Amino acid sequence: MTATEHASVCTLDCPDTCSLTVTVDDGRITKVRGSAALDYTAGVICNKVAHHTAEFVHGKRRILHPLRRTGPRGSAEFTRITWEEALDEIHQRVTAVVDRWGPQAVAPLNYAGPHGMLAGDSMSLRFFHRLGASQLFRRALCGGVRSEAWLATYGAAPGIGPEAAAAAQLNIVWGNNATVTNLHLVRQLRTAKRAGGRLVVVDPLRNKIAEQADLHLALQPGTDVVLGFALAVELERLGAHDHAFIAEHVSGYAEYMARARAWTVEAAAETCGVPASAIRTLAGWMAKANPLVMAPGNGLERGRNGGSGVRAAIALPALLGKLDARNGIVLGAGHVFPRTPARLTRPDLLPAGTRTLNILDIGRHLERDDIAPPLRALFIYNHNPAVVHPDQNRIRRGLLREDVFTVGIEVTMTESMGFCDIILPAASQFEYHDLYGAYGQHHLQRAAPVIAPLGESLPNTEIFRRLAARFGFDEPCFRTSDQDLMDEALDVDSPRLHGVRPSEMAAGEALRMTTPDGRPLVLFDTVMPATPSGRVELVSDVMAQRWGADARVPSFRPAATRHPLVLISPASDARVSSTLLGAGGDPGEASPLLMHPHDAASRGLEGVDEVRVFNDLGEVILPLRITDAVPRGVVSSEKGAWLATSRTGQTTSALVSADARADLSEGACYNDTRVEVAAA
């Protein structure tokens, strides 16, 4: 047959949300490349999507039919059943749980998965709301800390678009492994450098973007807030604070600076592990640069002081008065989209008083039965908890319980599916209609199917429609079509949509969210802070109410030191766990552990090929690479590996405490993990 080309959108967890061109031949995806539909991504996509999509969609791990477990839990031994049999068994066993324990003994266990507005959580939450199941606070796993820090400071308003980086005299990339996770920002950074602009990278790891920087501050993990304070103090000494802007637009300045002044440049340098001269150099460049653009990443949030670190970083442009059409912070992009979540997910269906569980606590709840009612039925979808959850061994012990009925809804046979009693086959993102915003740029896109659903797989929306029907939920909202769900996901009357109904957007087009006259949505140009005061809030009573009195003002909490090394786990350019397998799925494909020569020598590890990385929670076997790309006291190994890559059947997530929490959003501390290393 003749190959055809189709427009699509990348759904992976990445701020760029690239537009795609997918080549299909005889019902099979044969090639994926970038398209020009979204001018920001400009036809460039990452290696993961370009080289591994076809295997993900059509490979041997694809789930094509409903399955029932026949072997021991965790064995991944299943037999094929019909959809009717699967729905009947789910209804029977979940109903038995509800009859004995009540509906809150049932819970979803899901995260972001495909980032479409429909597949992510639409009909699924309607189902769980109507059932009265326990609610799940998902954002603690990732993204919640950064989002809360932004809301504390600027409210639900967008920062500047990433395109602004191309014209900046100074770009600051902070905790952002941009060449892997923010690929198209890098193009803007290179444009700026060619025009004479400077690039500063703040990151413990000398990653690829740091290698291109004019200045790299390789600070110790968890000390970003100290660096932010010291920069604020040094900028004050330089006379660079814009007091007119502060008087008109900033709240909490005096109290914030009183906290910051405890950190001189010299004290910060010692705590952060960076030269005092580097801090002074950065402050001097910030004072003079116009435009200045800051692009923080997720790495910044994943530690005990994550919220404070983000807040201290994003306060700096406000202190300088550098927030306008050309100066700003590349954050808060999700706030440009006029979402209507209550219409989409129908929380009005939820019984009053239904509890909400932190996703990080699910392993403990399963293992210990420490809540009433206990969890006795789970639905795992858009998520691979057995691999990515902190305290990986605990969540796996919990998933092994035979008395917890577990339903999996998935595209491929991930490790977590092996713990399920019933598996329902989900369609891939190339097999259904969906709507895509972004969290790193300001364009809305719609995707249409490029192939028919394979086997008996179905979109998430249809799966939960069928579940709702089998449970007897006959409200009209459970019969809403995907086209209508698109229009319920956004405010169709918002001027940001320029009269375009989401369901009528053409696949292969990108609609930028702007003012009615076409101007970009930018703080202190076309939008203002959406905080309670309408000002930039360096001190936040809202955060104190949500997360405790200590969250009112950013602060520094020293690290616990039971183990001498801190492990960080940056993203990989080869894989996104088993969501999209590139390298990392077979034994021996684990990412190496990077260790500073001094740390290796003090442990006698010169010439050692493999090491044990361990703490009280687990042990991982990794290849060793001795390098000064990490500072002393820090080790690094890329996240996303499958369990099979280590002889212990564990990944670095096994070493991360699920009980250690960031200062906002009760967030996970992946980059604040204490370990020891020895020869394997």
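This text goes with the structure placed above it.
Below, the structure is looked at part by part.

In this section: the overall build of the protein. Helix and strand counts for the protein come out as 22 helices and 27 strands. For a compact globule of 680 residues, the expected C-alpha radius of gyration is about 26 Å, and the protein comes in at 25 Å, within 12% of that figure. Seen through its C-alpha atoms, the protein measures out along the principal axes to roughly 70 × 65 × 55 Å. Across the 680 residues that make up the protein, the buried fraction comes to 62%. When contacts within the protein are restricted to residue pairs at least 6 apart in sequence, those whose partners lie at least 24 apart make up 76%. Total accessible area on the protein stands at roughly 24000 Å², and carbon and sulfur atoms take up 50% of it. Averaging the positions of the 69 positive and the 75 negative side-chain charges in the protein gives two centres separated by 2 Å.

So, on to the side chain of glutamine 188. Structurally, glutamine 188 is set in helix H7 (residues 183–194). Leave out the neighbours within four places in its chain, and glutamine 188 touches Tyr40, Pro162, Glu163, Ala165 and Ala166.

This brings us to H7. Three or four residues apart is the spacing at which side chains of an α-helix point the same way, because the helix has 3.6 residues per turn. Between its first and last C-alpha, H7 extends 17 Å over twelve residues, near the 16 Å set by a 1.5 Å rise per residue. Burial in H7 covers these residues: His184, Leu185, Val186, Gln188, Leu189 and Ala192. Its buried side turned inward, H7 meets strand E8 (170–174), helix H6 (178–181), strand E9 (198–202), helix H8 (208–211) and strand E12 (292–296).

Ordered by their spatial adjacency, five strands build an open sheet running E10-E9-E8-E12-E13, and the pairing between neighbours is parallel. Edge positions in the sheet fall to strand E10 (215–217) and strand E13 (328–329), since each has one partner strand and no second. On top of the sheet, H7 reaches E8, E9 and E12; it is set at about 145° to E8, its chief contact. Seen against the sheet, helix H14 (residues 306–320) touches E8, E12 and E13 and runs at an angle of roughly 165° to E12.

At a minimum axis separation of 7 Å, helix H9 (residues 224–237) and H14 run at an interaxial angle of 20°. It follows from the interaxial angle that H9 and H14 lie roughly parallel. Read as a crossing pair, H9 and H14 show a hand that is left-handed. Packed against H9, whose contacting residues are Asp224, Val225, Gly228, Phe229, Leu231, Ala232 and Leu235, the element H14 presents Ser308, Gly309, Ala312, Leu316, Leu319 and Leu320 at the interface. Its residues assigned to classes, the contact of H9 with H14 shows nine nonpolar, three polar and one charged.

Bridge count between strand E2 (residues 19–25) and strand E3 (residues 28–34): six bridges; the pairing is antiparallel. Counterpart to valine 24 in the pairing with E3 is isoleucine 29. Hairpin connection from E2 to E3: two residues lie between these consecutive antiparallel strands, with aspartate 26 at a positive phi of about 55°.

What counts and what doesn't
Residues numbered from 1 in each chain as written. Predicted model: local features only at pLDDT ≥ 70, side-chain atom pairs only at ≥ 80, totals over all residues. Heavy atoms only, no water. Helix = DSSP H or I, 4+ residues; strand = E, 2+ residues; numbered from the N terminus. Rg over C-alpha atoms; globule rule 2.2 N^0.38 Å. Buried < 20%, exposed > 50% of the residue type's maximum accessible area, 1.4 Å probe, protein only. Contact = heavy atoms within 4.5 Å. Areas by Shrake-Rupley, 256 points an atom, 1.4 Å probe, with all protein chains shown as cover. Lys, Arg positive; Asp, Glu negative; His and termini not counted. Charge placed at Lys NZ, Arg CZ, Asp CG, Glu CD. Expected span 1.5 Å × (residues − 1). Pairing = 2+ DSSP bridges. Axes fitted to C-alpha atoms, helices over the stretch in contact; angles between N-to-C directions. Parallel < 35°, antiparallel > 145°, perpendicular 65-115°, else oblique. Left-handed = near helix turned anticlockwise from the far one by under 90°. Nonpolar A, V, L, I, M, F, W, Y, C, P; charged D, E, K, R; others polar.

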